[in-house]
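Spelled out, the chains give:
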Amino acid sequence: MKILPFVALIFLCSCGSNGDVADEDIAFIEKGIFDYHNTLKQAYNGAPINTDSLINHFFAKDVYYVTYWGLSEPIDTTKTRIRNALPLIRDYENRLERVKVKVYGNGAYAFFILRQTYTLNGILMDEYLPTTYVLERIDNRWVVVHSQRSADFQTTQHLIEVALQREEPIIDKK
């Protein structure tokens, strides 16, 4: 019976030390997410930032991004989409809400709401984007290995409106 308190003490001590490591990992991941979105904000507002390098630093090279319009695309497609959008976007702002990170050894997830506003083709976009990242510790750094984003009805409607403005007429009126 005297060994039981000793075992319990060892268990509690080991949990505390792992908690400290997990807390450091959580803080590191949270900072990375904020830094990534802040740097992306600078790029959208005209700063000379190589967004491909930014994405390469934060995301695994074989990651797929599940978009809020329901497609799953490789990260290289996301890079191209962002590069193409940079000259079209004006007055970009973003903020992260309700950031929650949980670490499980060498794996983690992060959930947050990305709110972003900007003007695209003259249309004010006001987006509410619940976002989930699954991360893995690779070579002593945390990288996103899966990314998924959702959107509310208004955000989806704005996207459709912008897409319709860019479509060519079906019938040539000549």
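Refer to the preceding data block for the structure.
Reference entry: report on the structure contained in this document. These figures come from a predicted structure and were not determined experimentally.

1. Side note on the packing of aromatic side chains
When we look at a pair of aromatic rings, we describe it by the centre distance and by the angle of the planes. A complete count under the given rule lists nine aromatic pairs for this structure. Where Y36 meets F59, the ring centres are 5.5 Å apart and the plane angle is 70°; that geometry is what we call edge-to-face. Residue Y36 is found in helix 1 (residues 3-44), and its partner F59 is found in the loop between helix 2 (51-58) and strand 1 (64-66); the two are separated by 23 residues along the sequence. Owing to a relative accessible area of 7%, Y36 belongs among the buried residues under this scheme.

2. Observations concerning the packing of helix 2 against helix 3 (residues 75-85)
Taken N-terminus to C-terminus, the directions of helix 2 and helix 3 make an angle of 145°; their axes are 10 Å apart at the nearest point. Note that helix 2 runs across helix 3; the crossing there is right-handed. Together, T51, D52, I55 and N56 of helix 2 and I75, K79, I82 and R83 of helix 3 make up the contact between the two elements.

3. A word on a nonpolar patch on the surface
Together, Y104, Y109 and V134 make up an exposed nonpolar region whose accessible area comes to about 270 Å². Structurally, Y104 can be placed in strand 3 (residues 89-104).

4. Considerations on helix 2
Of the positions making up helix 2, those classed as buried are T51, L54, I55 and F58. The buried residues of helix 2 all sit within an arc of 95° when viewed along its axis, so they share a single face. Where helix 2 begins, the capping side chain belongs to N50, and its oxygen is found 3.0 Å from the backbone nitrogen of D52.

5. Notes on the nonpolar core
By size, the foremost hydrophobic cluster in this structure holds 36 residues, and its most contacted members are I29, I33, Y36, F59, Y133 and L135. Of all the elements in the fold, those that place two or more residues in this core are helix 1, helix 2, helix 3, strand 3, strand 4 (107-120), strand 5 (123-138) and strand 6 (141-149). If sequence neighbours within four positions are ignored, L135 has contacts with I29, N106, G107, A108, Y109, A110, W142, V143, V144 and V145.

6. A word on the pairing of strand 3
Here twelve bridges tie strand 3 to strand 4, and the two strands are oriented antiparallel to one another. The residue bridging E97 from the neighbouring strand is I113, located in strand 4.

7. Regarding the side chain of N94
Following the sequence through the fold, N94 ends up in strand 3. Looking at N94, its side chain comes within polar contact range of the main-chain oxygen of H37, at 3.0 Å. A distance of 3.3 Å separates polar atoms of two side chains, one belonging to N94 and the other to Y92. For N94, the contacting residues outside a window of four places in its chain are H37, K41, L114, R115 and Q116.

8. Structural notes on the side chain of H37
Structurally, H37 is set in helix 1. Those residues in contact with H37, other than ones at most four positions away along the chain, are N94, L96, F112, L114, Y133 and R149.

Analysis parameters
- Residues numbered from 1 in each chain as written.
- Predicted model: local features only at pLDDT ≥ 70, side-chain atom pairs only at ≥ 80, totals over all residues.
- Heavy atoms only, no water.
- Phe/Tyr/Trp six-rings, centres within 6.5 Å; stacked < 30°, edge-to-face > 60°.
- Helix = DSSP H or I, 4+ residues; strand = E, 2+ residues; numbered from the N terminus.
- Buried < 20%, exposed > 50% of the residue type's maximum accessible area, 1.4 Å probe, protein only.
- Axes fitted to C-alpha atoms, helices over the stretch in contact; angles between N-to-C directions.
- Left-handed = near helix turned anticlockwise from the far one by under 90°.
- Contact = heavy atoms within 4.5 Å.
- Patch = residues over 30% accessible without salt bridge, like charges linked within 9 Å, V, L, I, M, F, W, Y side chains within 5 Å.
- Areas by Shrake-Rupley, 256 points an atom, 1.4 Å probe, with all protein chains shown as cover.
- Salt bridge = Lys/Arg side-chain N within 4 Å of Asp/Glu carboxyl O.
- Arc of directions from axis to C-beta.
- Polar contact = N/O pair within 3.5 Å; in protein donor to acceptor, adjacent residues only side chain to side chain.
- Core = buried A, V, L, I, M, F, W, Y, C linked by side-chain atoms within 4.5 Å.
- Pairing = 2+ DSSP bridges.

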